[in-house]
Amino acid sequence: MTTARHAYNGDLGWHLGVLGGAYQASVVGVLGDFPRGPRGYQTLAAVVHDDRSSQLALATHLGIDRTVMTYLIDDLVQAGFVERQLNPADRRQRRIVATARGVAAYTELERRVRAAEDALLGSLDEGERRALRLLLRRVACDLRDIEPAIDPCAAAERAAGPA
């Protein structure tokens with residue numbers, strides 16, 4: 001007696017794992033020697049696009065340990081991409097602000113990252129890529145209970161820009 005075997009096409013976790021690994025490899029390739037690689041890029045993106053300006057707010061938003069965030073910001077400061085400035089609303093706190101060099105670097109990197117994403121999603125036409133990004137954003141926005149103090153939907157909207 002033989003049983004019919006069906007090809008296993010994976011589950012959501014498998015699909016996300018394969019896509020995540022390929023995405024990571026693609027992004028690392030286009031970021032080159034950018035300080036702290038994808039984490040540094042995501043941090044600079046959050047500083048450029050977002051109003052969460054303290055190290056603690058950035059760490060919480062990005063899911064990075066606050067002690068690791070200190071070293072990450074140190075590297076971005078050393079590279080001239082961000083500055084620590086006094087926060088006029090709370091003098092005990094430093095704001096993380098992108099420099100002109102940081103904004104220029106981010107603009108170029110964002111273009112290269114988007115090109116890598118488009119290559120990675122090459123089997124989809126432009127409308128399908130747009131739809132996938134929109135659906136992923138929607139799912140991320142529905143995960144509001146991860147950190148109630150931070151609205152991931154608003155963060156995703158700001159980071160993603162126009163759909």
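Everything here concerns the structure above.
In this text, all values refer to a predicted model and were calculated from it rather than measured experimentally. (Residues numbered from 1 in each chain as written. Predicted model: local features only at pLDDT ≥ 70, side-chain atom pairs only at ≥ 80, totals over all residues. Heavy atoms only, no water.)

J.: Break down the packing of aromatic side chains for me, with residues and values.
T.: Tallying each qualifying case throughout the model produces 2 aromatic pairs. Arranged with centres 5.1 Å apart and planes meeting at 15 degrees, the rings of F34 and F81 form a pair that is stacked. Remark: F81 occurs in the loop between α4 (66-78) and β1 (82-87) and F34 occurs in the loop between α1 (12-31) and α2 (37-49); sequence separation between them is 47 residues. Ring centres of Y41 and Y106 lie 5.6 Å apart, and the angle between their planes is 25 degrees; on these two criteria the pair is classed as stacked. Taken as a pair, Y41 in helix α2 and Y106 in helix α5 (residues 100-120) lie far apart in primary sequence, 65 residues in all. Residue Y41 shares its accessibility class with Y106, and that shared class is buried. (Phe/Tyr/Trp six-rings, centres within 6.5 Å; stacked < 30°, edge-to-face > 60°. Helix = DSSP H or I, 4+ residues; strand = E, 2+ residues; numbered from the N terminus. Buried < 20%, exposed > 50% of the residue type's maximum accessible area, 1.4 Å probe, protein only.)

J.: So what's going on with the environment of Q93? Which residues, and what values?
T.: By the element assignment, Q93 lies in strand β2 (residues 90-98). Residues Q93 and L56, 37 residues apart in the sequence, show an inter-C-alpha distance of 9.7 Å. Among residues more than four places away in sequence, those in contact with Q93 are S54, Q85, L86 and N87. (Contact = heavy atoms within 4.5 Å.)

J.: Which residues make up the packing of α2 against α5, and what are the values?
T.: Helix-helix packing is characterised by the crossing angle of the two axes and by the distance between the axes. Contact pair α2 / α5: the axes reach a minimum separation of 10 Å and the direction vectors enclose 120 degrees. Of the two elements, α2 crosses α5, and the hand of that crossing is left-handed. Residues Y41, L44, A45, V48 and H49 of α2 pack against G102, V103, Y106, L109, E110 and V113 of α5. When the residues that make up the contact of α2 with α5 are grouped by side-chain class, the tally is 8 nonpolar, 2 polar and 1 charged. (Axes fitted to C-alpha atoms, helices over the stretch in contact; angles between N-to-C directions. Left-handed = near helix turned anticlockwise from the far one by under 90°. Nonpolar A, V, L, I, M, F, W, Y, C, P; charged D, E, K, R; others polar.)

J.: Can you break down the nonpolar core residue by residue, with the values?
T.: Counting 23 residues, the largest nonpolar core has L31, F34, Y41, L58, M69, F81 and V82 as its most contacted members. Counting residues per element, this core draws most heavily on α2, which supplies 5 residues. When neighbours within four sequence positions are excluded, F34 is seen to be in contact with G40, Y41, L44, L76, F81 and L109. (Core = buried A, V, L, I, M, F, W, Y, C linked by side-chain atoms within 4.5 Å.)

J.: A description of the side chain of R133 should follow, citing residues and the corresponding values.
T.: Considering the arrangement of structural elements, one finds R133 in helix α6 (residues 126-141). Assessed through its relative accessible area of 17%, R133 is described here as buried. There is a polar contact of 3.2 Å between the side chain of R133 and the side chain of D118. Beyond its immediate stretch of four places on either side in the chain, R133 contacts R114, E117, D118 and L121. (Polar contact = N/O pair within 3.5 Å; in protein donor to acceptor, adjacent residues only side chain to side chain.)

J.: Give a detailed account of α4, specifying residues and quantitative values.
T.: Compared with the 18 Å implied by 1.5 Å per residue over 13 residues, the 18 Å span of α4 between its first and last C-alpha is a close match. Among the residues of α4, M69, L72, I73 and L76 are the ones counted as buried. The arc that holds every buried residue of α4, seen down its axis, measures 100 degrees, which confines them to one face. Turned more than 90 degrees away from the buried face of α4, the exposed residues are Y71 and Q78. Of the residues trailing α4, G80 is marked for its positive phi of about 85 degrees. (Expected span 1.5 Å × (residues − 1). Arc of directions from axis to C-beta.)

J.: Describe unusual backbone geometry, and please don't skip the residues or the numbers.
T.: Phi at R36 takes a positive value of approximately 65 degrees, unusual for a residue other than glycine. With respect to the helices, strands and loops of the structure, R36 is situated in the loop between α1 and α2. Accessibility expressed as a relative area gives 43% for R36, which makes it partly exposed.

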